[in-house]
Every structure is written in structure tokens, then in C-alpha cells.
Amino acid sequence: MIKQILSKLPKKLPKSDSSDSAKSDSGNSTTSFGNVFQCTNVGSTISSKLNVVKRVSSVVFPASMNAGVEAVDPSLSFKDVSNTQKQSLFISKLNLCCKVYDMSDPDKNCTEQDVKRQTLLDLVDFVSSGSVKFTEPAIAALCKMCATNLFRVFPPKFRSSTSGGGETEDEEPMFDPAWSHLQVVYDLLLQFINYNSLDVKLAKAHVDHAFVLRLLDLFDSEDPRERDCLKTVLHRIYGKFMVHRPFIRKSVSNIIYRFVFETERHNGIAELLEIFGSVISGFALPLKEEHKIFLWKALIPLHKPKSIGIYHQQLTYCIVQFIDKDQRLVSSVIKGLLKYWPVTNSQKELMFMSELEEVLEMTSMAEFQKVMVPLFRRLACCLTSSHYQVAERAHLLWNNEHILNLITQNRQVILPLVFSALVHNSQNHWNQAVLNLTQNIKKMLSQMDEELVLACQRKIEEEDSKSSDVAERRRITWERLEEAATNIQSVGSESGNINSSGSDILVQVKSATATCSVAC
């Protein structure tokens, strides 16, 4: 009976087993009952944690992205976890948002799309609260999520080639069906870049040149809302990541070169120029040669494309900012305008004159004198333009006080260049408003320097008389040629007298031809 009871009791562990179990218990030598009790406590602790924190599959969250980070169920709210677990939950939610859905069909994956959007909104709220710590795993997860959702290949453009390039003023903008998600992703990216405690040295390893280049490619989006967000994001990156500034300038230059000299199609030129307007205003003096090359080889050739109307306002602002930095750039800017001056596009010509007025308002006397002769030869053609708006705009330049002051001090050179155009308008132009403006300018010039105006008038009269004399001599010469040709025909009909009078007629023709060559 006693033996049966003893056989049911647990046997004593061998020394080797007890020593191994003691080592596994953090160096504490306990009995087997103690070991069982301790395991029970650990199991209860784990089960209690699982009530709040649930383990998720490694297929959804790869180990490479979560090295040393506890994967947490992304469906949980940040309010439901402890402060130590918020970082893990933040990364888990970012990884969940890496799933991209086809938004062209609103009924497809509707539930999943709603969950993703709500998760994105939770991430934005969490970052805006300022309680997130952007460690390297968090930065890597956020950059991966932004890259997965934002970086994509746009469908080919089917706009007509006659539109000039990109989105024109008459075309309706195209809106991305996935914008409800993209907008939140852009908002999250912007808050990440603007985060006060962000370690830039740590972040630049993930917001690198490849990331910036893919971001610049997105400026060709046809959705104006996306281009507006990109403008703000790129401007913040340029301001915060100083190491990327030369690369951004070079990359934008390459985009402009490709647009001007190859495709003439890009949707984001206006936004890129708007960014560079503020960038140029921050350039240090004296200007680097790199910045001047950007003006000469990128900004000035942007006057060439037909679609200049889309971005002309931003382009003018950039040009003015450069001149404000260095007055010596005026002559090269005006020469560039004259080089690309439109010949048959009246609307483009109006834009050029508007920009020219802003440039001349900032021009010094020395720089003005370098370009005044070719400039006013071109403006003389504009004064006599048959397009009344072009002619009217050219006349209105004289109402600008600074430009009029430049003209007054250089009137000996400028008045002879434009006075003939004013006289031609007074005699021939069809538009009454242009005629009135021409009369006002002539009166202004007479009050400015009457003797010079009279001298120009006499010179025009002399040139008119000379031209009339030349025309008269040309008319007489043609009459003699016609008479000589008639004589040849009459002589040809009289075959018997051809030998006697033909030589005399040929002499008349030769003399008439010689006179014609002199007169013409």
C-alpha cells in the first residue's frame, strides 16, 4: 500500500537535468513546482498582453522592414496602446497603407479602400500631435509608403499636338480618381518634412536623390491639385535638405531643357518656376556662374514654346528676381527677348511687351544704352502693327515714367528710329484708338525736343522725295522697255526690213535695260 502511494509521487530530477533547468531559469535554482508556477505566470502575462496587442503575420509586414520592431495590429487606435507601443503601431499602420488599390472602379475593394483611408487619416493625426519619434525604421517605413502610393507612371497623353504642350488654358483639367488617398499621403509627407525634431542627417538617407527625382517626375501630373501639393513639398525639401539643393536645381534645369528643345509638353512648368521664384530671391551675392547659366540657358529659352501663356507670369517673376539681384543681367535678358520675339503670334507679342515693361522699369541708364538700338527697331515694328492690340500696347509703353525718362535722355538715338513709324501710323493705320495714341506721342515728342522732331520730319520728307524720284525713274524705264519690245514685234512682222532696222532696235533695248538696272 505504501509502495503504491510512493510510486505515484513525482520522481526527483537527475542532477544534470536540474542544473540545465536552473540555467534556463536565469540562474535561479528552483524546484520543478517553481518552474511550473513561473511558466504559468509568464503564460498569463502573454495572454493578458494579447488582449490589447495582437501578433500579425510576417507576410504582411516583412522582417526587413521591422527589424527590431514589434509588429502590432494596425486596426488598433493609438489611444488603445501604451506609449512604448505607439512607435510599433505607427510602423504597422504605414505598412498596411502600402497596399495600392485600383480607384477607377469605386465599387471594387470598397471596404479595403475605406480602411486604408481611415488609417492614413489616423497617421496624419498622430504626426500632427507631435508625439511621434522618427527613428530610422519609422522614416524607412514612411518613405516606402509614400513611394508606393505616389510614384507611378502616368498614362500616355492623347491631347492634340497643336495644343503646344501640357495643359492649355482652354482645356479642362483632368482629375486623378485616387486623389482621396493621394491627398492624405501628400499631407503626411509634408508633415514629416516639416517635423521640428526630424533628424535631417538620418532622413536624407531615405529622402535621397532617387526619391527627389521621382518626386520631380510627378510634376507632369495632369491633376492641378497634385501639382500644387508637389510644389509645397518640393519647396520644403529644398529648404530643409540643403545637401539636395544643387541636385534639385540641376534636375529642374534638365526638365526645362527637355521641354524647350525636345517635347514642348509638360504640365508642371508653371509650378516649378513658382518654386524657383522664391529660390532665386534667396541667392547670395555675387551670383554664382551656375545661377547665371540657369538664366541664360533655361529661363530665357522658355520664351520659345507656343504654350508660354500657361507659365509666363511665373517666368516673368523669375526674370525680374534675377535682375533685382544683378542689374548687369538686363542686356542679356532683353537680347534674349528680341531673339525669341514672335513674328506671327500677336498674343505672345503682347506677353513679351508686358514682360519688357517690367524689365525696363528696373533698367539702369548704362544697361539701357547697350540695347536701345535693336530694342526700338523692334518696337517701331510693333507701333505699326496691323493688330490693334499690339500697336496699342507698344504706344502705352511711353506712358511709363521710367521708360519715358530713358527715352528722353537718349532721344537723339531713339527718335529717328521710331518717328517714321509714327508718321506711317498717322497716314495709314485703320484703328482710331491707335491713331489717337500716335498723335499724343507726336505731341509729347514735340514738347520734348521740337528741333529734333523737325529734323526727323525733314529727313523723312527727303527720303520720301528720293523714293518718289526712284519710283519715277523706274516707271520711265519700264515704259521704254515696253516700247522697245513693241518695236521688236513690229519689226519681226516685216521680214524684209529685219536686217536694216533690227540693229537699231537692239541698241534701244540695251540702253533701256542699262537704265533699268541703274534705276532699280
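Calculation notes
Residues numbered from 1 in each chain as written. Predicted model: local features only at pLDDT ≥ 70, side-chain atom pairs only at ≥ 80, totals over all residues. Heavy atoms only, no water. UniProt positions renumbered as here; feature names shortened; annotations may be inferred. Core = buried A, V, L, I, M, F, W, Y, C linked by side-chain atoms within 4.5 Å. Buried < 20%, exposed > 50% of the residue type's maximum accessible area, 1.4 Å probe, protein only. Helix = DSSP H or I, 4+ residues; strand = E, 2+ residues; numbered from the N terminus. Contact = heavy atoms within 4.5 Å. Expected span 1.5 Å × (residues − 1). Phe/Tyr/Trp six-rings, centres within 6.5 Å; stacked < 30°, edge-to-face > 60°. Lys NZ or Arg CZ within 6 Å of the ring centre and 35° of its normal.

- Under an unreviewed UniProt entry, the name given to the protein chain is Serine/threonine protein phosphatase 2A regulatory subunit, and the source organism is Trifolium subterraneum.
- Entered under Function (unreviewed entry) in the UniProt record, the comment concerning the protein chain runs "The B regulatory subunit might modulate substrate selectivity and catalytic activity, and also might direct the localization of the catalytic enzyme to a particular subcellular compartment."
- Comment text from UniProt for the protein chain, heading Subcellular location (unreviewed entry), reads "Cytoplasm".

**Let's talk about the nonpolar core**
And step 1. Phe90, Phe134, Leu189, Phe192, Leu299, Leu302 and Phe376 are the most contacted members of the largest nonpolar core, which has 126 residues in total.
And step 2. It is helix H7 (residues 179-194) that contributes the most residues to this core, ten residues altogether.
And step 3. When neighbours within four sequence positions are excluded, Phe376 is seen to be in contact with Phe368, Trp398, Ile407, Ile414, Leu417 and Val418.

**Remarks on helix H12 (residues 269-281)**
And step 1. Between its first and last C-alpha atoms H12 spans 18 Å; for 13 residues at 1.5 Å apiece the expected length is 18 Å, and the two agree.
And step 2. Among the 13 residues that make up H12, ten are buried, leaving the element largely enclosed by the rest of the structure.
And step 3. Within the span of H12, buried status applies to Ile269, Ala270, Glu271, Leu272, Leu273, Ile275, Phe276, Gly277, Val279 and Ile280.
And step 4. Those residues of H12 that are buried are in contact with helix H9 (209-217), helix H10 (224-240), helix H11 (245-263), helix H13 (289-299) and helix H14 (308-325).

**Quick look at the packing of aromatic side chains**
In this description, a pair of aromatic rings is defined by centroid distance and the angle of the planes.
And step 1. Counted by the stated rule, this structure contains 14 aromatic pairs.
And step 2. Relative to Phe376, the ring of Phe368 lies with its centre 6.1 Å away and its plane at 80 degrees, an arrangement referred to as edge-to-face.
And step 3. Ring plane angle 75 degrees and centroid distance 6.4 Å describe the contact between Phe376 and Trp398, whose orientation is recorded as edge-to-face. Highlighted residues: Phe376 in helix H17 (residues 365-383) and Trp398 in the loop between helix H18 (388-396) and helix H19 (401-409), separated in sequence by 22 residues. For the pair Phe376 and Trp398, one class covers both residues: buried.
And step 4. Taken together, the ring pairs in this structure connect Phe78, Phe90, Phe126, Phe134, Phe192 and Tyr195 into an aromatic cluster.
And step 5. Above the face of the Phe78 ring, Lys93 is positioned so that its terminal group lies 5.5 Å from the ring centre.

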